[in-house]
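# Geometric and topological summary
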Amino acid sequence: QVHLMESGGGLVQAGGSLRLSCASSGHDFSRLDMSWYRQSPGKERELVARITAQGVITIQPDSMKDRFTISRDNAANTMNLQMNNLQPEDTAVYYCNAKDTFDFGPWDGYWGQGTRVTVSS
């Protein structure tokens with residue numbers, strides 16, 4: 001059982017920055033593919049960024065690639081998302097997701113409770 005705890009959300013003005021963290025326990029962190037998703041009011045949850053156990057990084061959509069940076073610290077069992085130049089459209093609840101890199105089962109993996117990010121204009 002993987003336990004995920006997000007932190008770092010809050011209220012920020014447009015153009016500001018936040019750093020989200022996801023702390024993991026209960027599993028060998030180095031085996032986990034880690035992802036950030038977000039869900040805005042009235043919208044479906046969407047993938048923001050992923051870093052695999054092997055360190056392969058995906059950031060999408062394109063509007064985030066120059067502003068968001070994902071990283072992981074296997075020694076600290078932590079994944080981070082540095083978000084710069086935040087815009088009101090980035091307002092959402094951000095969720096941490098984890099799945100063992102060798103788990104090919106048809107399920108989404110483990111989820112954290114989410115951390116809210118609000119960007120004011």
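Throughout this document, residue positions are counted from 1 along each chain, in the order its sequence is written. Where local features are concerned, this predicted model is filtered to residues with pLDDT of at least 70; where side-chain atom pairs are given and counted, the filter is 80 or more; whole-chain, interface and lining totals use all residues. Side-chain measures were taken over the full set of non-hydrogen atoms in the model, leaving aside hydrogen atoms and water.

### Section: the state of the cysteines
Disulfide: a pair of cysteine sulfur atoms within 2.5 Å of each other. On inspection of all chains with the given rule, the structure shows 1 disulfide. Between the sulfur of Cys22 and that of Cys96 lies a disulfide, 2.0 Å long from S to S. In this structure, the disulfide formed by Cys22 and Cys96 twists by about -75° around the S-S bond and is classed as left-handed. With a gap of 74 residues between them, Cys22 in strand E3 (residues 18-25) and Cys96 in strand E9 (residues 92-100) connect regions that are remote in the sequence. Judged by its relative accessible area of 0%, Cys96 is buried. Runs of H or I in DSSP of at least four residues are treated as helices and runs of E of at least two as strands, each being numbered from the N terminus. In this scheme, a residue with accessible area under 20% of its type's maximum is buried, one over 50% is exposed, and one in between is partly exposed, where area comes from a 1.4 Å probe on protein chains only.

### Some thoughts on the layout of surface pockets
Space inside and on the surface of the protein is sampled on a 1 Å grid over the protein atoms alone, with a cavity defined as a set of points where a 1.4 Å probe fits but cannot get out and a pocket as an open set with protein on both sides within 12 Å along at least 5 of 7 lines; lining residues have an atom within 4 Å of a point. Grid points are joined across faces, edges and corners, and a volume is the space filled by probe spheres set on the points. By volume, the largest pocket is sized at about 160 Å³. Lining the largest pocket, in full, are Asp33, Ser35, Tyr37, Arg50, Asn97, Lys99, Asp100, Thr101, Asp103, Phe104, Asp108 and Trp111. Among the elements of the structure, strand E4 (32-39) and E9 are those that each provide at least two residues to the lining of the largest pocket. Broken down by class, the residue content of the lining of the largest pocket amounts to 3 nonpolar, 3 polar and 6 charged. The nonpolar class holds Ala, Val, Leu, Ile, Met, Phe, Trp, Tyr, Cys and Pro. Asp, Glu, Lys and Arg form the charged class, and all remaining residues, Gly among them, are polar.

### Observations concerning the pairing of E4
With 7 of 8 residues buried, E4 is to be regarded as a mostly interior element. Bridge count between E4 and E9: 8 bridges; the pairing is antiparallel. Within E9, the residue paired with Arg38 across the bridge is Tyr94. Here the rule is simple: two strands pair whenever DSSP picks up at least two bridges between them. Relative to strand E5 (residues 46-51), E4 runs antiparallel, the two being bridged by 5 bridges. What sits directly across from Trp36, in E5, is Ala49.

### Considerations on the nonpolar core
Here the nonpolar core consists of buried residues drawn from Ala, Val, Leu, Ile, Met, Phe, Trp, Tyr and Cys, with membership extended through side-chain atoms lying within 4.5 Å. Membership of the largest hydrophobic core comes to 27 residues, with the highest contact counts inside it found for Met34, Trp36, Met79, Leu81, Met83 and Tyr94. Those elements giving two or more residues to this core turn out to be E3, E4, E5, strand E7 (68-73), strand E8 (78-83), E9 and strand E11 (115-120). Here this core takes 4 residues from E9, the largest share from any one element. If sequence neighbours within four positions are ignored, Met83 has contacts with Gly16, Ser17, Leu18, Leu20, Arg67, Phe68, Tyr94 and Val117. Here, two residues are considered to be in contact whenever any of their heavy atoms come within 4.5 Å of each other.

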